[in-house]
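Letter by letter, the chains look like this.
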Protein chains: 2
Amino acid sequence: VRTDRGQAEALDLADPLSAYRERFVRPDPQLIYLDGNSLGRLPIDTGRRLAEAVDEQWGRGLIRSWEAWIELSQAIGDEIAAGIVQADPGEIVLSDSTTVNLYKLAAAALDARPGRRVLLTDDDNFPTDSYVFQGLVQARGLELRVIETDLDVGLSTDAVRAALDQDVALASFSHVAYRSGAVADLHGVTAAVHDVGALVLWDLSHSAGSVHVPLRSSGADLAVGCTYKYLCGGPGAPAYLYVRRELQDTLRQPIWGWFGQRDQFAMDGRYDAAPGIGSFLVGTPPVLSMIGVQEGVRVVAEAGLDAVRAKGMALTSYLVDLADAWLVPLGFRLASPRDPRRRGAHVTLHHPDAWRICRALVERYDVVPDFRTPDRLRLGPAPLTTSYADVWDGLDRLRRLVEAGAHEAYPPQRTRVT
Amino acid sequence: VRTDRGQAEALDLADPLSAYRERFVRPDPQLIYLDGNSLGRLPIDTGRRLAEAVDEQWGRGLIRSWEAWIELSQAIGDEIAAGIVQADPGEIVLSDSTTVNLYKLAAAALDARPGRRVLLTDDDNFPTDSYVFQGLVQARGLELRVIETDLDVGLSTDAVRAALDQDVALASFSHVAYRSGAVADLHGVTAAVHDVGALVLWDLSHSAGSVHVPLRSSGADLAVGCTYKYLCGGPGAPAYLYVRRELQDTLRQPIWGWFGQRDQFAMDGRYDAAPGIGSFLVGTPPVLSMIGVQEGVRVVAEAGLDAVRAKGMALTSYLVDLADAWLVPLGFRLASPRDPRRRGAHVTLHHPDAWRICRALVERYDVVPDFRTPDRLRLGPAPLTTSYADVWDGLDRLRRLVEAGAHEAYPPQRTRVT
């Protein structure tokens, strides 16, 4: 394995996506940003489009602009279905936060399987998913069954199969694990869940926009995902949800609101759910944040998921090679799958001092990774905005930091906030 | 009553809030905008602040900007508590949409009164409120008791009292009626609801930022409100919710998410609700839209609710005078309370042809009002952004339109969307 910077530069020259880096704002060339999987960079087009939405649509058009805005939830959903995940038009809408969408879809699924007492998930699911499920099972007197997962390896389809039985109403997992980046077996897990007559709900937050998400061919029932990571929609931009077409008119989500009403502006007294995916909408969506999502989705879709996935595998493999050469001797351990096909677009490294290494890296070395509990450093070289040289520079600074002991000036553990 | 334009100009000269009109973008001086109660105008400072948030906070700061953003929900809530409604710090947060907040708070209230089977509301509440309640009572096998209201007069405290009994768990009403602008008796209704041991949930969407909202002194338990009307937060900007401090640690809302967790970034497996108002947060909020709310709230708070309320009463009284003189002879009827103290900052006129008059007014006369089912024209001269001359011009165009029969070219009724 070559570990000289020239190799990184050569890889960048051969990168078919390198031009996409110029589509994003990069005001600080010294910064190595390895957290595009937490908050994607700002597309240049987004700044322009937002300014126009503010000045022209809000400032000049005022209430009349709702004629255009009212379509956005479904239009952007269709763009995600066409360009980001594999789904049909009318199967995805932009709505609410990921958490609220998890609640809506999980509640609808539990209602659709009366008599079944179990919601199945795993202990490597994202915390907010787990919290939503805890709330739902407590309110309904159901049981949350939690599969124990090897945090470095990710969800095992066999373990899912072993945990499934006729008591399970709903099974819900992350497609890509937020810690390790492990990719779950969308087809195999979905089939196993269907074998016992349960429904499956996937969280795509760490997968959509970085790996293929074959919702249709897997037969997945339900999915949610966030838009501010690989989809570059902007901080806290609204989430999306997917409901397989065949289920749309039988599942009923619990939060009935005027955006889910069949004829919203009739202002009828009786709730009459909109047909299709529309009934999964609730209240007035944050328009400016939605427009950010549309621009972000367009950049990713234009690059194309095949190219994005290929670069994600190549970039993370390169990162793993450098980590093997430089960081393992310093006490790091790879805490992600080694096979790039089993890995999303981020890599996690275990180190007992991960917390303070992370602080020192941000504050003294101008590298932004992410800390993940309890002792992991998460490195997300987002394919559209990260070069091989960024990866080289980031890991080079990281090894120099640890060699110099620069992290020892920081408190050893994260302080608990109360 | 003087009906010449000179009178309007004289009133504008004497208006202590006239300078505030210059704080808002007004790219189209010919437009008479009488729908500030649906979507408030764009404050000039908001455009600047949003551009900075996009370029500097998102574009340059990236994930590191969450250090500032994480405080916004509560900080803006405190600004609303201090400057817009009467509440204490730590009693209001920005979160989700109004509809989702109605769901969260109504569900929490129903859970807090087990054994009581009734949710009480009235038939003049905003549709999304009614839909949320229909969904909740259906899911729980409860009853929605609906008070019949005279749509021109608004909620009667006596009628509320007559509908209350020991079966009522929660009563929920709009503080200002969305059609008529009638102001409900916040103190009297709250006291009546408390007399039977029930909780009360107020929707402030059409009141906050235009009338006084004495949450504290009335003893109101719960409230929600939207930010894109009188608070000028921008299209679909996130809503807020209020929970009286004494109730915060006993009420538990049903959507458990990581923003409501005591120590969010510990990423603990078990949900442990944050103390205080924090437990009413759910998922990642749309940051850009939140920033719009902060700027809008600041302009309104700076003007001060006393001045805003005084101008709202004066502007709508002037509008009613002109309507009496010009429009009643043309078949209009005032469909709002005549006493300005019983009226918010908008006025509704009944006319059998309201739908097509509304269309013609927008499309041919450059006046933007709002149509409200089944036959009402709603005129919202938002106090901070509307002059007396605007009201004069708007009503003058309206009478000329009807005199000319310009609305007769439009279809007589709104077409039902399916």
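Further up the page is the structure itself.
Residues numbered from 1 in each chain as written. Chains lettered and ligands numbered in written order. Predicted model: local features only at pLDDT ≥ 70, side-chain atom pairs only at ≥ 80, totals over all residues. Heavy atoms only, no water.

Enquirer: Would you mind going over the relation of the copies chain B and chain A with me for this structure?
Expert: Both copies of the chain are tied together by a single rotation about an axis and a shift running along it. Under the fitted operation, chain B is carried onto chain A by 0.0 Å of movement along the axis and a turn of 180°, and the coordinates agree to an RMSD of 0.0 Å. What the rotation and shift describe, once combined, is the action of a two-fold rotation axis. Both copies contact each other with a shared surface, as 100% of the interface residues of chain B are interface residues in chain A too. (Least-squares fit on C-alpha atoms with pLDDT ≥ 70 in both. Contact = heavy atoms within 4.5 Å.)

Enquirer: Explain the interface of chain B and chain A to me, please; I cannot follow it from the model alone.
Expert: Many descriptions give the size of an interface as the accessible area lost when the pieces come together. Contacts between the two partners involve 78 residues from chain B, matched on the other side by 78 residues from chain A. Buried surface at the junction of chain B and chain A, both sides included, amounts to about 6,700 Å², of which 64% is carbon and sulfur. Linking chain B with chain A are zero salt bridges. Summed over the shared surface of chain B and chain A, the result is 22 residue pairs in polar contact (both at pLDDT 80 or more). Those elements that provide at least two residues to the side of chain B that touches chain A are α2 (44–61), α3 (66–69), α5 (98–112), α6 (127–140) and α10 (287–303) of chain B. For the side of chain B that touches chain A, the per-class residue count stands at 40 nonpolar, 22 polar and 16 charged. (Buried area = accessible area lost by both parts, 1.4 Å probe. Salt bridge = Lys/Arg side-chain N within 4 Å of Asp/Glu carboxyl O. Polar contact = N/O pair within 3.5 Å; in protein donor to acceptor, adjacent residues only side chain to side chain. Helix = DSSP H or I, 4+ residues; strand = E, 2+ residues; numbered from the N terminus. Nonpolar A, V, L, I, M, F, W, Y, C, P; charged D, E, K, R; others polar.)

Enquirer: Would you mind going over unusual backbone geometry with me for this structure?
Expert: Excluding glycine, a negative phi dihedral is what most residues carry, and trans is how most peptide bonds are arranged. Cis geometry is found at the peptide bond from T373 of chain A to P374 of chain A, where omega equals -5°. Residue position: P374 of chain A is located in the loop between β12 (370–372) and β13 (376–379). For L62 of chain B, which is not glycine, the phi torsion reads 55° and is therefore positive. Structurally, L62 of chain B can be placed in the loop between α2 and α3. We classify L62 of chain B as buried; its relative accessible area is 1%. Backbone geometry places C232 of chain B, a non-glycine residue, at a positive phi of 55°. (Buried < 20%, exposed > 50% of the residue type's maximum accessible area, 1.4 Å probe, protein only.)

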